[in-house]
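Residue-level structural notes
Chain by chain, the residues run as shown.
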Amino acid sequence: MPNINHMFLKIINYLAILMLPFLIGSCSQKDQKLRIFTCGIRHESNTFSTFQTTDENFTVQEGSEVLKEKRWARYLEKQEVEIIPSLHAYAWPSGVVKKATFERYMNTILEKARETKNVDGVFLDMHGALHVEGYEDAQVHFIEELRKIFGDEPVFSGSFDLHGNASSDFVEHLDILTAYRTAPHRDGAETDVRAVRLLVDALREDYNPQVAQVKVPILIPGEKGITETEPLKSLYGSLPEISQKEGLLDASIFVGYAWADLPRSAMRVNVVSKNKDYLEKAQKEAEELARRLWDARKDLEFDVPVAPIDKAIQQALDAPEETVYITDSGDNTTGGAAGDNPLVLERLLAHDVKDAVVAGIVDPEAVEQSIEAGKGADIELTIGGKMDTIFGDPLDIKGTVKYISPEKENTRQRPVVVEVDGIQVVLLSVRRSFTSPADFRDVGIDPLGHKIMVVKLGYLYPKLRDISPKTIMALTPGFCYQVLTELPYKNVQRPIYPLDPGMSWSP
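This section reports on the structure supplied with the text. (Residues numbered from 1 in each chain as written. Predicted model: local features only at pLDDT ≥ 70, side-chain atom pairs only at ≥ 80, totals over all residues. Heavy atoms only, no water.)

This model, assessed by the stated rule, comprises 30 salt bridges. Two residues, Asp-201 and Arg-197, come together in a salt bridge whose shortest N-O distance is 3.8 Å. Separated by four residues within a single helix, Asp-201 and Arg-197 lie in helix H6 (residues 188-204), roughly one turn from each other. With relative accessibility at 29%, the residue Asp-201 sits in the partly exposed group. Exposure remark for Arg-197: the relative accessible area of 33% places this residue in the partly exposed category. The residue Arg-347 makes a salt bridge to Glu-346 at a minimum N-O spacing of 3.0 Å. One network of salt bridges, with partners in common, ties together Arg-186, Glu-228, Asp-303, Arg-465 and Asp-466. (Salt bridge = Lys/Arg side-chain N within 4 Å of Asp/Glu carboxyl O. Helix = DSSP H or I, 4+ residues; strand = E, 2+ residues; numbered from the N terminus. Buried < 20%, exposed > 50% of the residue type's maximum accessible area, 1.4 Å probe, protein only.)

Next comes the structure, spelled out in structure tokens:
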């Protein structure tokens, strides 16, 4: 008996010695730092616009610069993840991106990916509505090229704006995606963190995430996709609950981007499962959300009064509120319009309005002329109608230079304010929008100090929305015209609501 026990112990010891390298390797692999590659080309591309988006419109960050003041980067650092940042590029919404610009950024990212090779995961910082000249779907090409380098093993997780049009071909190459849950947007940084958290969890828990998607044939402007009011308030409110169901990781609703005349433009629902076993459950949840969206299509309406510009001005003058915000929605620079249509200013002058602000009109030439004339100078200018020559005509004005912003390093922004018959006109050297009270204060204007405040937006951004006593959306002409049934769509996939109002559909 002792001999048998002795032989048994020898066998156990022998097996242990044989298994030791595998056990050590397994432990070291588990304790090894996760390596996550990051990249992104974020843009909302308006295909109706006549001006292209080029290098000069993009803000580009590379390497460690990418990680500065990013909540998602702080999260990964706390998780002791090795972050490998490549190129992250962002441009204000505008026209279709020039091919050479896109390819320059993409090739820089791909070159960094080739140098990096072995990674556990990839974080894509995207918008979802990128469109590039010469490409049917540049986002698909981009992610396919990344997959060729990294292969199928790394987990790809993407963070998106809910106004993205992420096609099924694009989503096919993703393992995880999540989108903003607020419009107007209040949760951009939170969404980025959710994307990297889900990525880290999937890697550490050894999930094999799968994405279920349903395309819903509805086309709406973002101004009808407000998540703070019904019906979307309840639909978006259900997303966290769905995400917490057994076997599921996340749920997203994409309102989509309507000023892109493309086959992929539509609303979408995406639900992410932990693995293939729960994919059918994710699909059913996506279909149920899609059905609820479709049933609510006729209730997707503007949440503020809307009117043609002349009527909007009169309503503002008649309103008891001391300040009324009017949004010049057709020339909305946050939706890709030019921002240089002086129509609203022309109509304010025609109505003899004496207490208003127009913020702002893009015209670098007029800015330079105002700076040259100097503060306090009387000046004659021809403003606007230089970028958007379809909907906007140049306007001749006479006024006084009231404000010139100081020169700042590393920026081409230098707004000036010219007073024209009691109206404060903000002239801009680069395309931008006034989205917060601070933007007005930066040019010496009280955001609640005038009867009419005109901004080139569709809906007000959160900080203005929170202070505005009353808002009227003016249905002005431009590359972001709100009445979609009057736009010259040629390429969207038909039938689609509301272009085909009598259509039927089921998920």
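Taking burial as the measure, the seven residues of strand E14 (residues 356-362) include seven buried ones, the bulk of the element. Where E14 meets strand E18 (residues 423-428), six bridges bridge the pair, whose relative direction is parallel. Opposite Ile-361, over in E18, you have Leu-427 as the bridge partner. As defined by bridge partners, E14 adjoins strand E19 (residues 452-455) across four bridges and the pair is classed as parallel. Residue pairing across strands places Val-358 opposite Val-454, the latter belonging to E19. (Pairing = 2+ DSSP bridges.)

Let us look at the sheet that holds strand E20 (residues 471-474). Spatially, the nine strands line up as an open sheet ordered E12-E20-E13-E19-E14-E18-E17-E16-E15, and their pairing is mixed. Strands at the two margins of the open sheet, each flanked by one partner only, are strand E12 (306-307) and strand E15 (378-383). Packed on one face of the sheet, helix H12 (residues 364-373) meets E14, E15, strand E16 (395-404), strand E17 (416-420) and E18 and runs near 170° to E15. (Contact = heavy atoms within 4.5 Å. Axes fitted to C-alpha atoms, helices over the stretch in contact; angles between N-to-C directions.)

Sheet strands pair via backbone hydrogen bonds, and the direction of the pair is either parallel or antiparallel. Here six strands make up an open sheet; going across it, the order is E3-E4-E1-E6-E7-E8 and the pairing mixed. Each edge of the open sheet is held by one strand with a lone partner, namely strand E3 (58-62) and strand E8 (176-179). Neighbouring strand axes in the sheet, compared pairwise and without regard to direction, differ in orientation by 10° on average. Where strand E1 (residues 35-42) and strand E6 (residues 121-125) come together, four bridges link them in parallel fashion. Within the sheet, the bridge partner assigned to Cys-39 lies in E6 and is Leu-124. Contacts from H6 reach E1, E6, strand E7 (155-160) and E8 within the one sheet, and its direction differs from that of E7 by about 165°.

Burial along E8 is two-sided: Ile-176 and Thr-178 and Leu-177 and Ala-179, pointing in opposite directions, are all buried. Sheet topology note: the E7/E8 ladder contains four bridges and is parallel. Following the sheet pairing, Ser-159 is matched in E8 by Thr-178.

Take the packing of helix H2 (residues 71-78) against H6 next. Between H2 and H6, whose axes approach to 8 Å, the crossing angle comes to 30°. Considered as vectors, H2 and H6 are oriented roughly parallel to each other. Regarding H2 and H6, the two cross each other, and that crossing is right-handed. Residues Arg-71, Trp-72, Tyr-75 and Leu-76 of H2 touch H6, and the partners they reach there are Ala-189, Glu-190, Asp-192, Val-193, Val-196, Arg-197 and Val-200. (Parallel < 35°, antiparallel > 145°, perpendicular 65-115°, else oblique. Left-handed = near helix turned anticlockwise from the far one by under 90°.)

All right, on to the packing of aromatic side chains then. Enumeration over the complete set of coordinates arrives at 15 aromatic pairs. Ring centres of Tyr-325 and Phe-440 lie 6.2 Å apart, and the angle between their planes is 80°; on these two criteria the pair is classed as edge-to-face. Of this pair, Tyr-325 sits in strand E13 (residues 324-328) while Phe-440 sits in helix H13 (residues 437-441), and the two are 115 residues apart along the sequence. Each member of the pair, Tyr-325 as well as Phe-440, carries the same accessibility label: buried. Every member of this aromatic cluster is reached through a ring pair, and the members are Phe-51, Phe-391 and Phe-479. Here Lys-224 stacks its cationic end above the ring of Phe-302, 4.9 Å away from the centre of that ring. Lying across the ring of Trp-294, Arg-297 places its NZ or CZ 4.1 Å from the centre. (Phe/Tyr/Trp six-rings, centres within 6.5 Å; stacked < 30°, edge-to-face > 60°. Lys NZ or Arg CZ within 6 Å of the ring centre and 35° of its normal.)

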